[in-house]
Amino acid sequence: MTADSPPKIEATSRTWRQRGTLPVLVTVAALVAIISSLGAPLIPSIARSDHVSLSAAEWVLTAALMTGALATPAMGRLADGPRKRRVIEVALIVVLAGCVLSAVSTSFVVLIIGRGLQGVGLGLLPVTMAIARSQFPPDEAGRAIATLSVSAAVGAGLGYPITSLIAQLLDFHAAFWLGAITVASALVLVVVVLPNRSDGRSRRFDTLGMVTLGAAVIGVSVVLSEGGGWGWASLRSLASFAFSVVMVGLWIAHELKVTDPLIDVRQVRNRSVLTADTSAFLIAVAMYLFLPIIVEFVQIPVASGYGFGASILVSGLVFVPLSIGSFVASRFLAAYTKHFGVRSMIPFGSLIFAASTLFFALQHG
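All of these numbers come straight from a predicted model, not from anything done at the bench.

(A) Structural context of the overall build of the chain. Tallying secondary structure elements over the chain gives 16 helices and 0 strands in all. Dimensions of the chain, computed from the C-alpha atoms along their principal axes, are close to 70 × 50 × 45 Å. Counting over 365 residues, the chain shows a buried share of 44%. Restricting to contacts in the chain with at least 6 residues of sequence separation, those with at least 24 account for 75%. Here the chain displays about 18500 Å² of accessible surface, and carbon together with sulfur accounts for 71% of that area.

Structure, rendered in structure tokens:
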């Protein structure tokens, strides 16, 4: 710990701000899930309201995930420095602006821009973990980080039905107003409670790395969002994918040369790191493709020959078991690791997800 770093919070003689640090961090972590819940259940109603296709309406999810994918490494990199709270404050202000913009939007383009700004909030979770690691003793920091991880699952379980209910009783714009109120409240708590400075040193930000990585992410996002409509083997899909591959190659070459890289890609030389990163990427893609399909399927009218013709609220409630399952699974991770080890965890979880997806593909009752 450097001379100007704040002392880690000990269990005794804590001030009210120190006691409030973890609850505020949990609130911010749950906010990540609430912001993500503003997308999926609203896709069909946004498509009807703005007179766009379902595939186009999925950009309310894609836009947030795309900016989230860009914001996460950038915010994580900035959170290595001494101004972790400032990173959270700026991110919350951007998210607040996005919620208000979506709430007052009168066109689909403005709505998507607002959702893109909201996606910055998806990068908040690693920043909250960085603050917990710097502010608490090692044993407490581990428990705090575990709590923050679970908070995202619990927040999604609450966010989906609540935002769906508001959208059903009023309209989808009201759901974004709820998001704006939630973000504003979290911003006040962050300013009042969290320490102004944390340990760490300021380093030069890798702008070129951010630009090339951003271009690659945008290319992949476009393919995932539009590939079904274009055709996965169409010229546009293949060109977008090729563009992403080229950008990834340029990004890797740059990251290997720069002194302070955005992401230290040298770590992937470790086979365990490479395996974990690849698995996480494939699982994230699978979840991204799966969630919008569920929402659309549940709300599609029965007269179409499939679907349940359910309300927005029901489509939000459909995600509650997913959140409960995530929470329950997190409680058993320690016991599972103790009895079966770490190596089998990802394959076991992936097999369960694959089986459930196959069940959904074959059984539509």
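(B) Spotlight on the pattern of salt bridges. Applying the stated criterion across every chain, the model contains 3 salt bridges. With a closest N to O distance of 3.5 Å, Arg 86 and Glu 89 form a salt bridge. Of the two residues, Arg 86 and Glu 89 are both situated in helix α5 (residues 84–103); the distance of 3 residues between them amounts to about one turn of the helix. When its relative accessible area of 42% is taken as the criterion, Arg 86 is described as partly exposed.

(C) Layout of the side chain of Arg 77. Locating Arg 77 in the fold gives a position in helix α4 (residues 59–78). Only 3.4 Å separates the side chain of Arg 77 from the backbone oxygen of Pro 261, close enough to count as a polar contact. When near neighbours in sequence (up to four residues on either side) are disregarded, Arg 77 contacts Arg 203, Arg 204, Phe 205, Asp 260, Pro 261 and Leu 262.

(D) A look at a nonpolar patch on the surface. A cluster of nonpolar side chains, namely Val 154, Leu 158, Ile 162, Ile 324, Phe 327, Val 328 and Phe 332, defines an oily patch on the protein surface of about 620 Å² accessible area. Note that Val 328 resides in helix α14 (residues 320–331).

(E) Inspection of unusual backbone geometry at higher detail. The phi dihedral of His 51 is positive, around 55 degrees, even though this residue is not glycine. By the secondary structure assignment, His 51 is in the loop between α2 (43–50) and α3 (54–57).

(F) Just the packing of α2 against helix α12 (residues 271–299), in detail. As a packed pair, α2 and α12 sit with axes 8 Å apart at the nearest point and diverge in direction by 70 degrees. When the axes of α2 and α12 are compared, the pair comes out roughly perpendicular. Between α2 and α12, the residues in contact are Ile 43, Pro 44 and Arg 48 and Pro 292, Val 295, Glu 296 and Gln 299, respectively.

(G) Summary view of α12. Over its 29 residues, α12 extends 43 Å from the first C-alpha to the last, a length consistent with the 42 Å expected when each residue adds 1.5 Å. Listed in full, the buried residues belonging to α12 are Ser 279, Val 285, Tyr 288, Phe 290, Leu 291, Pro 292, Ile 294, Val 295, Glu 296, Phe 297, Val 298 and Gln 299. The N-capping residue of α12, defined by a side-chain oxygen 2.9 Å from the backbone nitrogen of Ser 272, is Asn 270.

So, how was this worked out
- Going along each chain's sequence as written, the residues are numbered from 1 onward.
- The model is predicted, so local features are restricted to residues of pLDDT at least 70 and side-chain atom pairs to those at 80 or more, both for listing and for counting; the totals for chains, interfaces and linings are taken over all residues.
- With hydrogens and water excluded, all non-hydrogen atoms of the structure serve as input to the side-chain values.
- The helix and strand labels rest on DSSP assignments: H or I over at least four residues marks a helix, E over at least two residues marks a strand, and numbering proceeds from the N terminus.
- A 1.4 Å probe rolled over the protein chains alone gives each residue an accessible area, and that area as a share of the maximum for its type sets the label: buried under 20%, exposed over 50%, partly exposed in between.
- Any two residues whose heavy atoms approach within 4.5 Å at even a single point are treated as in contact.
- Computed by Shrake-Rupley with a 1.4 Å probe, the accessible areas treat only the displayed protein chains as cover when residues are assessed.
- Any Lys or Arg side-chain nitrogen located within 4 Å of an Asp or Glu carboxyl oxygen qualifies as a salt bridge.
- N or O atoms within 3.5 Å of each other form a polar contact, as long as, within protein, one can give a hydrogen and the other can take it, and as long as residues adjacent in sequence are counted only when both atoms are side-chain atoms.
- Candidates for patches are residues over 30% relative accessible area with no salt bridge; among them, like charges are joined within 9 Å and nonpolar side chains (Val, Leu, Ile, Met, Phe, Trp, Tyr) within 5 Å.
- The axes are straight lines fitted to the C-alpha atoms, using for helices just the contacting stretch, and the angles between their N-to-C directions are given from 0 to 180°.
- Oblique is the label for any angle not covered by the other classes, which are roughly parallel (under 35 degrees), roughly antiparallel (over 145) and roughly perpendicular (65 to 115).
- An expected span of 1.5 Å times one less than the residue number is assigned to each helix.

Everything listed here is a matter of coordinates, which is why it stays silent on function.
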